[in-house]
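Below, each chain spelled out in residue letters.
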Amino acid sequence: MDANRRHLLCGIGGLAVGGAVAGLVAPALAAPQAAGGGARFAQAGGDFGWQPHKLNADECAPVAYEGYWHKGYACGYGTFYGIIGMMGEKFGAPYNQFPFTMLEANKGGISDWGTICGALYGAAAAFALFWGRKERTPMVNELFRWYETTALPIYNPGDKATGFKGDLPSNVSGSVLCHISVSKWCYEHKIEATSKQRSERCGRLTADVCRKAIEIMNAKIEQGKDYKGSFPIQKSVAGCGECHMTKGNEANWGKGVMDCTPCHSGGKAVADKFKDHP
């Protein structure tokens, strides 16, 4: 552990201990304040207070790929480090003081639950260090719709490949969910989910997501509040949303903007497999 990280962790530990002692001595006085004496929910630099910097997407993509394999921390860690970690390497504090390992929780769609692709969450979390919801949403929409509609992986590390060397097939997932993205790729190409090829696929996809996220971030820095993105809303979302995601509609039961078809197409892959299953 380097000196800067040790000092940071010790400082956090000191704040935690100090807060605990204050709670024992005078809980009524300590309650309205956050650790360190600030107002509750206040943070250094204010909400979304970090300053974004442009990055070279081609330089950061291989770092995201390397981060995927680093100690098995995987996709969320790789993408986030490819953005924020690279800012830390180039610009120092505060970017180099982030506890990057917290992003490891996104492995396998959050602790192998197969929910949101961890690479996408890593990018969205990086955006959220700089921009609030209103400005960030078009960026997330652009990245997620690109992911749904693009044949991935694209990135190929060549001789530097860690899990599997050589070309890998790509496909369009149609979904931002890890479970569907991985399962569809494995099914279409007859590759097992526990194979080195599948792990390599996700490592390369991590680099792809990082690259695209940086392109979006750079455009946002240039365009500011004028940034809107270019990927249109999916046809299924526009159509289904008329009834199921419209305020005041009697069938307004749905929430979300991901492509509806992977889960609601009625196809064989999503038919009821629990009823009368052998």
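An unreviewed UniProt entry lists the protein chain under the name Split-Soret cytochrome c, with Desulfovibrio porci as the source organism.

## Description of the nonpolar core
In this structure, Phe 80, Ile 83, Ile 84, Leu 120, Leu 143, Tyr 147 and Val 209 are the most contacted members of the largest nonpolar core, which totals 55 residues. Going through the elements one at a time, α3 (57-69), α4 (74-91), α5 (118-128), α6 (133-149), α7 (178-189) and α8 (196-223) are the ones with two or more residues in this core. When near neighbours in sequence (up to four residues on either side) are disregarded, Val 209 contacts Thr 79, Ala 119, Leu 120, Ala 123, Leu 143, Trp 146 and Tyr 147. One finds Ala 61, Tyr 155, Ala 161 and Ala 207 within the second-largest nonpolar core, a separate group that totals five residues.

## Remarks on the UniProt feature "transmembrane region" (unreviewed entry) in the protein chain
Look at the UniProt record and you will see "transmembrane region" (unreviewed entry) annotated at residues 113-131. The distance separating the terminal C-alpha atoms of residues 113-131 is 28 Å; by composition the span is 58% helix and 0% strand.

## Overview of α7
Here α7 spans 17 Å end to end across twelve residues, near enough to the 16 Å set by a 1.5 Å rise per residue. Within the sequence span of α7, burial applies to Cys 178, Ile 180, Ser 181, Val 182, Trp 185 and Cys 186. A positive phi of about 55° marks Lys 190, the residue just after α7.

## Focus: the pattern of salt bridges
Tallied over the entire structure, the rule returns seven salt bridges. Asp 58 is the partner of Arg 211 in a salt bridge, and the nearest nitrogen-oxygen pair spans 2.2 Å. In this pair, Arg 211 is assigned in helix α8 and Asp 58 in helix α3, connecting sequence segments 153 residues apart. Under the relative-accessibility criterion, Asp 58 is labelled exposed at 53%. Across the pair Glu 215 and Lys 212 runs a salt bridge, and its minimum N-O distance is 3.9 Å. Taken together, the residues Glu 215 and Lys 212, both in helix α8 and three residues apart, mark about one turn of the helix. According to the relative accessible area criterion, Glu 215 is partly exposed, its value standing at 40%.

Here is what the cut-offs are and how they apply
- Residues numbered from 1 in each chain as written.
- Predicted model: local features only at pLDDT ≥ 70, side-chain atom pairs only at ≥ 80, totals over all residues.
- Heavy atoms only, no water.
- Core = buried A, V, L, I, M, F, W, Y, C linked by side-chain atoms within 4.5 Å.
- Buried < 20%, exposed > 50% of the residue type's maximum accessible area, 1.4 Å probe, protein only.
- Helix = DSSP H or I, 4+ residues; strand = E, 2+ residues; numbered from the N terminus.
- Contact = heavy atoms within 4.5 Å.
- UniProt positions renumbered as here; feature names shortened; annotations may be inferred.
- Expected span 1.5 Å × (residues − 1).
- Salt bridge = Lys/Arg side-chain N within 4 Å of Asp/Glu carboxyl O.

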